[in-house]
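The residues making up each chain are set out below.
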Amino acid sequence: MTQIELRGVQKFFGAVQVIKDLNLKIDDNEFIVLLGQSGCGKTTTLRAIAGLETIDGGDVLIDGKPVQHLKAADRDIAMVFQSFSLYPHMSVYENIAFPLRAMRKSKAEIDGEVRSVAKVLQITDLLGKKPSALSGGDMQRVAIGRALVRRPKAMLMDEPIGALDAKLREEMRAEIKRLHIKQGSTTIYVTHDQIEAMSLADRIVIMHEGVLQQVGSPSDVYTHPANLFVAQFVGSPVMNVANAAVTMNGSGARVTVDGAAEGFLFPSELVGQLDAANVGQDRLALGIRPEGVMVSREAADGYLPVEAHIIEPLGSYDIVDLKVGAQMLRARTRSGFVGKPGVQVFAKLDPAQAHFFDTTSGNSLGVRL
Ligand SMILES: Nc1ncnc2c1ncn2[C@@H]1O[C@H](COP(=O)(O)OP(=O)(O)OP(=O)(O)O)[C@@H](O)[C@H]1O
């Protein structure tokens, strides 16, 4: 049982505040990913939990007990970094055994535990080798083994596979997930790679400039981003965002992108929900992912004429830039569907996939259609 909680954590480096009032509760066995751009404070947060960094305000609690006054060695937390940091003169076996020797375990106990961790990580045949004879992926497996072997209360991982090439990263990502399912330890994992975050996390914590933006399951942050930052940080290609106005027209609502002659048709509930959010409907930010922009080659009910610009063929699908008023909306189509740039096609938005944000605060208005 290991729960970790951050309560109002503050951290300054000189006059610069790099963690701003961070509150977060991490459950036992949860896999939490801290996601954000370089410099947003992810590593500092991790180091503060591990005890490698002091904090200037708030509490870090492990299983309900404040630990901010405890040294790193007394918190029983293991950390894996991007740089492998193995002892080069020791064999893989000795590297993994090292933390157990420091705990003064018996020879038999050490042997049992090293072999059991090696089995889980599928590195038994490497136990006799020196780190210099290992590939990057294997070195990182050993580093993870060394962290796991002493059964810490929690595992903290700072971009552990960031230095590996793309193919190996994908393999290691799957292994870390498998390992977590098998071992089930509370894990906090730092990355700036949203695909890594989406594939590994039970919950993703998105940070920006030291401020927590949203905490949620991967599908939560993807389908219900709390603000424009999250909307445009999660998802590839990024969500389209366009300034737009909403008006009532006959029985439905119209969402008109800046500079466009006509608006997209939306259910009338949109106006009611925006009224309830108490915002000016003459200027909102409309967010829609490429898969929410539907394209037709012929005129059809509810579809507006638009011009296709750049077409990016991405193998199983294309991303097509469509000029709508003063904005470019990117749509995802079957490959080859639009043909060539410059042609006129017709577009419609899927109301269920549309998001509306306050242009001033950037916050989601919580519209659900
Ligand atoms: N020891 C330090 N002294 C001064 N400033 C620091 C120190 N460590 C980090 N910073 C600054 O604090 C901010 C947050 O850094 P941090 O490493 O936590 O960010 P990060 O999100 O992990 O980024 P990255 O992915 O680049 O490591 C950055 O602006 C960084 O330059």
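It should be emphasised that the depicted structure is a prediction, and the values quoted were computed from it without experimental measurement.

1. Some words on the site of the ligand
Close contacts around the ligand come from Phe13, Val18, Gly36, Ser38, Gly39, Cys40, Gly41, Lys42, Thr43, Thr44 and His192, and that covers them all. In terms of residue count, the dominant contributor to the shell around the ligand is helix H1 (residues 42-50) (three residues).

2. Let's talk about the packing of helix H4 (residues 136-148) against helix H5 (residues 166-183)
Following both chains from N to C, one finds H4 and H5 inclined at 20°, their axes separated by 11 Å at the closest point. Classified by the angle between their axes, H4 and H5 sit roughly parallel to one another. Remark: the crossing between H4 and H5 carries right-handed chirality. Contact residues: Gly136, Gly137, Gln140 and Leu148 in H4; Leu168, Glu171, Met172 and Gln183 in H5. Looking at the contact of H4 with H5 residue by residue, the class counts come to three nonpolar, four polar and one charged.

3. A few points about the sheet that holds strand E1 (residues 4-13)
Spatial strand order, E2-E1-E4-E5: four strands in an open sheet with antiparallel pairing. Of all strands in the sheet, those with a lone pairing partner are strand E2 (16-26) and strand E5 (65-66), marking the two edges. One ladder, built from seven bridges, connects E1 with E2; its direction is antiparallel. Counterpart to phenylalanine 12 in the pairing with E2 is glutamine 17.

What counts and how
- Residues numbered from 1 in each chain as written.
- Predicted model: local features only at pLDDT ≥ 70, side-chain atom pairs only at ≥ 80, totals over all residues.
- Near = placed C-beta within 6 Å.
- Helix = DSSP H or I, 4+ residues; strand = E, 2+ residues; numbered from the N terminus.
- Axes fitted to C-alpha atoms, helices over the stretch in contact; angles between N-to-C directions.
- Parallel < 35°, antiparallel > 145°, perpendicular 65-115°, else oblique.
- Left-handed = near helix turned anticlockwise from the far one by under 90°.
- Contact = placed C-beta atoms within 7 Å.
- Nonpolar A, V, L, I, M, F, W, Y, C, P; charged D, E, K, R; others polar.
- Pairing = 2+ DSSP bridges.

Taken by themselves, the reported measurements are silent on function.
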